[in-house]
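# Secondary and tertiary structure notes
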Amino acid sequence: MKNSDNSENSSSKTVRDGTPIKHWFRRFSRTGGTNWNALNELVGIDNEEDNLNEESFKAFVREAVSNNPGSIFLEEESPFYGNEEDSNNES
């Protein structure tokens, strides 16, 4: 799983060669569009109600970080440092 179509290096591709590991990336670097349809197809989700998408991904990240605030390091200069209430409302 990669964040962008242009973020894979030769080492990660080499590790995958000859294995059942599938390659998927979240977004297209040139258009900013997302690639969730490919992931849904890859994992066999064909019910639109169950589809993975950008909104559910962002909700998952917000919940994971809210439940584990130490999972993200913020420098004191960050506008989000010590501002938990505002960061919970970010998209």
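The paragraphs below set out a description of the structure included in this document.

### Structural notes on the pattern of salt bridges
- Tallying each qualifying case throughout the model produces 2 salt bridges.
- A salt bridge links Asp17 to Lys13, with the nearest nitrogen and oxygen atoms 3.5 Å apart.
- Under the relative-accessibility criterion, Asp17 is labelled partly exposed at 48%.
- Judged by relative accessible area, Lys13 falls into the partly exposed class, the value being 40%.
- Residues Arg26 and Glu54 are paired through a salt bridge, measuring 2.4 Å at the closest nitrogen-oxygen approach. Separated by 28 residues along the polypeptide, Arg26 in strand β2 (residues 25–27) and Glu54 in helix α3 (residues 54–67) bring together distant segments of the chain. Summarising the burial analysis for this pair, Arg26 and Glu54 share the class buried.

### Some details on the packing of aromatic side chains
- Following the criterion strictly, the structure yields 3 aromatic pairs and no others.
- Between Phe25 and Phe28 the ring centres are 5.1 Å apart and the planes differ by 85°, which places this aromatic pair in the edge-to-face class.
- Note on Phe25: relative accessible area 14%, which makes it buried.
- Assessed through its relative accessible area of 29%, Phe28 is described here as partly exposed.
- Ring centres of Trp36 and Phe57 lie 5.6 Å apart, and the angle between their planes is 45°; this geometry places the pair in the tilted category. Of the two residues, Trp36 sits in helix α2 (residues 36–42) while Phe57 sits in helix α3, which places them 21 residues apart along the sequence.
- Aromatic rings pair up to connect Trp24, Trp36 and Phe57 into one cluster.

### Structural notes on the side chain of Glu54
- What makes Glu54 buried here is its relative accessible area of 12%.
- Polar side-chain contacts of Glu54 include one of 2.4 Å to the side chain of Arg26.
- There is a polar contact of 2.8 Å between the side chain of Glu54 and the side chain of Trp36.
- Among residues more than four places away in sequence, those in contact with Glu54 are Arg26, Thr34 and Trp36.

Quick notes on the rules
- Residues numbered from 1 in each chain as written.
- Predicted model: local features only at pLDDT ≥ 70, side-chain atom pairs only at ≥ 80, totals over all residues.
- Heavy atoms only, no water.
- Salt bridge = Lys/Arg side-chain N within 4 Å of Asp/Glu carboxyl O.
- Buried < 20%, exposed > 50% of the residue type's maximum accessible area, 1.4 Å probe, protein only.
- Helix = DSSP H or I, 4+ residues; strand = E, 2+ residues; numbered from the N terminus.
- Phe/Tyr/Trp six-rings, centres within 6.5 Å; stacked < 30°, edge-to-face > 60°.
- Polar contact = N/O pair within 3.5 Å; in protein donor to acceptor, adjacent residues only side chain to side chain.
- Contact = heavy atoms within 4.5 Å.

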